[in-house]
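Notes for the structure review
So you can see what is in the structure, the chains are spelled out below.
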Amino acid sequence: MERIPILRMGEFLLVTIQVDMHDRLATVLQDDLANRISATRARGVLIDISALDMVDSFIARMFGDIAQMARVMDAETALVGMQPSVAITLAEMGVSLTGVRTALNVEKGMALLRAKMEEERADDHAPAE
Amino acid sequence: MATMKTRIPEVLERHEAEILSDWMKEQATALTQRPDLMKESELRKESTKFLKLFREALASNNLIDIQQSFWEPVREFIGEVSRSRAIQGFSPSETATFVLSLKQPLFTRLRKIHEGQPDYLFEDLWNVTVLLDKLGLYSVENFQKTREDVIGRQQKEMFELSTPVVELWQGILGLPIIGTLDSKRSQQVMETLLNRLAETQSEVAVIDITGVPVMDTSTAQHLLKTVTATRLMGADCIISGIRPQIAQTIVHLGVNLGDVTTKASMAGALAAAFKRMGLAVGPARRQSGETA
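What counts, and where the lines are drawn
- Residues numbered from 1 in each chain as written.
- Chains lettered and ligands numbered in written order.
- Predicted model: local features only at pLDDT ≥ 70, side-chain atom pairs only at ≥ 80, totals over all residues.
- Helix = DSSP H or I, 4+ residues; strand = E, 2+ residues; numbered from the N terminus.
- Buried ≥ 20, exposed ≤ 12 C-beta atoms within 10 Å, placed from the backbone.
- Contact = placed C-beta atoms within 7 Å.
- Expected span 1.5 Å × (residues − 1).
- Arc of directions from axis to C-beta.
- Pairing = 2+ DSSP bridges.
- Axes fitted to C-alpha atoms, helices over the stretch in contact; angles between N-to-C directions.
- Nonpolar A, V, L, I, M, F, W, Y, C, P; charged D, E, K, R; others polar.
- Core = buried A, V, L, I, M, F, W, Y, C linked by C-beta atoms within 7 Å.

Regarding the overall build of chain A
In terms of helices and strands, chain A carries four helices and five strands. Beginning at the N terminus, the succession of helices and strands in chain A can be written as β-β-α-β-α-β-α-β-α. Buried residues in chain A amount to 35% of all 129 residues. Taking the contacts inside chain A whose residues are at least 6 apart along the sequence as the reference set, 81% of them involve residues at least 24 apart.

In structure tokens:
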């Protein structure tokens, strides 16, 4: 069965979607990601959708769900590289994906996640008041 | 009277060549002749073709309804002629005269053929008048349509010109909007901005609406959508230069700009963008050797 590969990079998971998303693929990805986050104890998930020309409301909701799911498992999610046309469509549909972090490309997304991690670590090391 | 058979088709059958030469003369003295825009030979070609189509359509004996299928070739030809005239720069009356000037030559022939029968003559004159008026109106309509297409295209070009996206700094795009922001233009703004964001991979976009005089709910919604779409792509959007009237309208309309960063001026927005990117602008430090 077709699957979207999930790569591990240190404490982050990298998902690059290169094929057209259909609903089944999306559900499988969601399952796989949940399992992998728990198995690798990942702290961040980076989803690159720069190759996606079309995102429907179901897939958009799935991204929101993944972000929430990751959050309860203590991982941050960044959605990167959304195409302008996709962004316009989602905005027209009223999907704002609040709660999902976004970045223009993988590099910036990675920097975003790293900054978040560092911030948390600084909080951890700060003396309790 | 109702049983009378019109003799217009007959007149055309018999005297096509004379009518054509009379018509050419008529056109030469009328407004429609514009030697600067159109050669005489070309006009003659058009006139000949029209007369031929006109005669064929008349053979159907249907003189009233030009929407009928026998009139299709005539209508098509008139449409074509009107379109080309509109593009060449003829005026509407000059275009209409092409068809209307056929009246005089036709009247002359009808008068001859109906000699001594004033009732019949009147009937046929009336028929020709109605028919040619309809065709004349049809040509003006087509002329108008072509002009409207031109206006539409120019409007489109203006839209493109009116939404420049400028790079204020590396990674910061500025989009000054001047003039009324209707829904169509907002859409254009959104598309241009997002495409430029993707091209330049800029992190911050500043939309400056100092030059926007009025705003309605749909425009406000469009601005909000633009901000949402920018965020979805992974960039930040700052709106600057909201004028007092617009601020009042936004509040009265109950539009919630809660999540959107708004700044009073472009300078303020730029400062906010710098801050977000971890940049700072300060006075240049003087070299130690330089005198004060």
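Remarks on helix α1 (residues 23–40) of chain A
Residue and element names in this part refer to chain A. Its 18 residues place the ends of α1 26 Å apart at the C-alpha level, agreeing with the 26 Å of an ideal helix rising 1.5 Å per residue. Along α1, the positions that sit buried rather than exposed are Ala26, Leu29, Leu33 and Ile37. Each buried residue of α1 lies within a common arc of 60° when the element is viewed along its axis, so the set occupies one face. Pointing more than 90 degrees away from the buried face of α1 are the exposed residues Arg24, Asp31, Asn35, Ser38 and Ala39. Positioned one or two residues after α1, Arg41 has a phi angle of 55°, which is positive.

Side note on the sheet that holds strand β5 (residues 101–103) of chain A
Residue and element names in this part refer to chain A. Here five strands make up an open sheet; going across it, the order is β1-β2-β3-β4-β5 and the pairing mixed. Two strands lie at the open edges of the sheet, namely β1 (6–9) and β5, each paired on one side alone. The average undirected angle you get between the axes of adjacent strands in this sheet is 25°. For strand β2 (residues 12–16) and strand β3 (residues 44–48), the ladder comprises five bridges, and the chain directions are parallel. What sits directly across from Val15, in β3, is Ile47. Of the strands in this sheet, β3 and β4 (76–80) are in contact with helix α2 (residues 57–72), which crosses β4 at around 155°. The strands touched by helix α4 (residues 106–125) within the sheet are β2, β3, β4 and β5, with β4 carrying the most contacts at an inclination of about 160°.

Some remarks on the sheet that holds strand β2 (residues 172–178) of chain B
All names here are of chain B. If you walk across this open sheet you meet the five strands as β1-β2-β3-β4-β5, and the pairing is mixed. Each edge of the open sheet is held by one strand with a lone partner, namely β1 (166–169) and β5 (261–263). Neighbour to neighbour, the strand axes of the sheet diverge by 30° on average, direction disregarded. Sheet topology places strand β3 (residues 204–211) next to strand β4 (residues 236–240); five bridges connect them, and they run parallel. Within the sheet, the bridge partner assigned to Val206 lies in β4 and is Ile238.

Considerations on the interface of chain B and chain A
In this assembly, 15 residues from chain B lie in contact with 16 residues from chain A. By residue number, the principal contributor to the side of chain B that touches chain A is helix α8 (residues 217–233) of chain B, which donates six residues. Grouping the amino acids of the side of chain B that touches chain A by side-chain chemistry returns seven nonpolar, four polar and four charged.

Focus on the pairing of β2(B)
Residue and element names in this part refer to chain B. Here β2 lies mainly inside the structure; five of its seven residues are buried. Both β1 and β2 contribute to a ladder of three bridges, which runs antiparallel. Bridge assignment links Glu167 to a residue of β2, and that residue is Leu173. Count of turn residues in the β1/β2 antiparallel hairpin: two residues, of which Gly171 carries a positive phi of about 90°.

A look at the nonpolar core
Formed by 69 residues in total, the largest nonpolar core has its most connected members in A:Val45, A:Ala87, B:Ala205, B:Val206 and B:Met233. Contact partners of A:Val45, with chain neighbours within four places excluded, come to A:Leu13, A:Val15, A:Leu33, A:Ile37, A:Ala70, A:Ala75 and A:Thr77. Within the second largest apolar cluster, 23 residues are counted, among which are B:Trp71, B:Val99, B:Leu100 and B:Leu106.

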